[in-house]
Amino acid sequence: MKKRITFIMALFVTIICGAQAQGSFVLTGTEEMLNACIDNNDNIKLEADIVLTNPVSIPEDKDLTIDLNGHTLSRSMTAYDDKGSVIRVEGGGRLTLTDSSEGKTGTISGGMAINGGGIANHGELIVQGCTITGCKASNQGGGIFNAPGYEGGPAATMTLTGTVITVNTCLNESAANGQGGGIHNYADCTMTLTDCVVQSNRSIDAGAIFNNGTIDMTGGIITRNLSKQVGGGLWS
């Protein structure tokens with residue numbers, strides 16, 4: 001009886017994810033399916049664009065991969081919100097974000113947060129061959145915010161390879177605030193960029209990258225970024 005109940009529960013989770021498995025990934029086309037698969041520790045491959053009502057959240061102790069597969073994860077935010085990111089990786093969580101499509105058109109867009117309009121990473125983040133664009137923050141990190149989840153918490157790390165970060169902003173005109181239009185790397189945190197393009201981002205300080213931690217960059221381009229005060233490209 002116990003074995004039968006276990007089988008039924010497993011079947012139920014598979015039906016919720018709705019998706020057919022493809023290799024070690026589950027094909028997913030809605031926000032509900034995506035969240036169910038995260039709960040079930042399934043690696044995810046998108047089969048459609050998804051407009052999110054809440055950020056994709058990778059909890060503590062989960063190690064997951066999301067393959068954008070040429071599709072877009074986006075928000076349609078109209079005001080800055082503490083939960084306005086597209087993706088949030090909690091401390092102790094690990095996310096690999098990749099794109100297996102031939103044209104590498106997988107995109108993160110439309111986030112509008114206080115910190116980390118595109119991705120707020122408080123754990124470990126790996127991004128391979130994706131684009132982060134059209135995201136906004138009012139305080140730190142229009143595209144990506146890499147920081148501990150709380151003051152004094154474990155340092156966050158991120159590794160970006162072949163990633164494009166473009167047309168993101170970090171501007172708070174009323175407070176003359178905003179650090180890192182493309183990326184904000186917090187104190188004691190680490191980021192590694194290989195063959196990435198960071199272009200056409202805007203901020204009050206550091207149009208492209210505001211680095212207060214450790215940065216290792218190999219190859220790639222930082223170009224056409226704008227700041228109102230310091231560091232049009234990189235401030236470190």
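Keep in mind that this is a model prediction, so the values were computed, not measured.

**Quick word on the overall build of the protein chain**
Next, step 1: If you tally the helices and strands in the protein chain, you get two helices and 28 strands.
Next, step 2: The 236 residues of the protein chain split such that 48% are buried.
Next, step 3: In the protein chain, the share of contacts with a sequence separation of at least 24, taken over all contacts with a separation of at least 6, comes to 69%.
Next, step 4: Counting only carbon and sulfur atoms, one obtains 51% of the accessible surface of the protein chain, whose full area is about 10600 Å².

**Quick look at helix 2 (residues 31-39)**
Next, step 1: Of the positions making up helix 2, those classed as buried are Glu31, Leu34, Ala36, Cys37 and Ile38.
Next, step 2: Asn41 occupies a position one or two residues after helix 2 and carries a positive phi of about 65 degrees.

**Regarding the environment of Met191**
Next, step 1: In this fold, Met191 is placed in strand 21 (residues 190-194).
Next, step 2: Given a relative accessible area of 0%, Met191 falls into the buried group.
Next, step 3: Sequence separation between Met191 and Thr214 is 23 residues, and the spatial gap between their C-alpha atoms is 6.3 Å.
Next, step 4: Setting aside residues no more than four positions away along its own chain, Met191 makes contact with Met158, Ile183, Asn185, Ile209, Asn211, Thr214, Ile215 and Asp216.

**Observations concerning the pattern of salt bridges**
Next, step 1: For the structure on display, the rule yields three salt bridges.
Next, step 2: One salt bridge in this structure joins Arg94 and Glu124, with 3.2 Å as the shortest N-O distance. On the criterion of sequence distance, the pair formed by Arg94 in strand 9 (residues 94-98) and Glu124 in strand 13 (residues 124-128) is long-range, its members being 30 residues apart.
Next, step 3: Arg94 sits in the partly exposed class, given a relative accessible area of 27%.
Next, step 4: Judged by relative accessible area, Glu124 falls into the partly exposed class, the value being 31%.
Next, step 5: Residues participating in the shared-partner salt-bridge network are Asp63, Arg94 and Glu124.

**Brief notes about the nonpolar core**
Next, step 1: Ranked by internal contacts, the top residues of the largest apolar core, which has 37 residues, are Val56, Leu73, Ile87, Leu97, Ile144, Leu160 and Ile183.
Next, step 2: Ranked by residue count, the leading element in this core is helix 2, at three residues.
Next, step 3: When residues no more than four places from it in sequence are discounted, the contact partners of Val56 are Leu34, Ile38, Ile66, Leu73, Val86, Ile87 and Arg88.

**Some details on unusual backbone geometry**
Next, step 1: A positive phi is found at Asn69, a non-glycine position, where the angle reads about 55 degrees.
Next, step 2: According to the relative accessible area criterion, Asn69 is partly exposed, its value standing at 23%.
Next, step 3: A positive phi angle is found at Arg224, which is not glycine, with a value near 60 degrees.
Next, step 4: With respect to the element layout, Arg224 can be found in the loop between strand 26 (221-223) and strand 27 (226-227).
Next, step 5: Residue Arg224 is classed as exposed on the basis of its relative accessible area of 58%.

**What about the side chain of Asn121?**
Next, step 1: Among the secondary structure elements, Asn121 is positioned in strand 12 (residues 119-121).
Next, step 2: Judged by relative accessible area, Asn121 falls into the buried class, the value being 0%.
Next, step 3: Polar contacts involving the side chain of Asn121 include one to the main-chain amide nitrogen of Gly123, which spans 3.1 Å.

**Things to note about the sheet that holds strand 8 (residues 87-89)**
Next, step 1: Across the sheet, which stays open at both edges, the seven strands sit in the order 5-8-12-16-20-24-28 with parallel pairing between neighbours. Only two strands of the sheet have a single neighbouring strand rather than two, namely strand 5 (56-58) and strand 28 (234-235).
Next, step 2: Across three bridges, strand 5 lies against strand 8 in parallel orientation. Its bridge partner lying in strand 8, Ser57 is registered against Arg88.

Cut-offs and rules
- Residues numbered from 1 in each chain as written.
- Predicted model: local features only at pLDDT ≥ 70, side-chain atom pairs only at ≥ 80, totals over all residues.
- Heavy atoms only, no water.
- Helix = DSSP H or I, 4+ residues; strand = E, 2+ residues; numbered from the N terminus.
- Buried < 20%, exposed > 50% of the residue type's maximum accessible area, 1.4 Å probe, protein only.
- Contact = heavy atoms within 4.5 Å.
- Areas by Shrake-Rupley, 256 points an atom, 1.4 Å probe, with all protein chains shown as cover.
- Salt bridge = Lys/Arg side-chain N within 4 Å of Asp/Glu carboxyl O.
- Core = buried A, V, L, I, M, F, W, Y, C linked by side-chain atoms within 4.5 Å.
- Polar contact = N/O pair within 3.5 Å; in protein donor to acceptor, adjacent residues only side chain to side chain.
- Pairing = 2+ DSSP bridges.

Interpretation in functional terms is not warranted from these geometric data alone.
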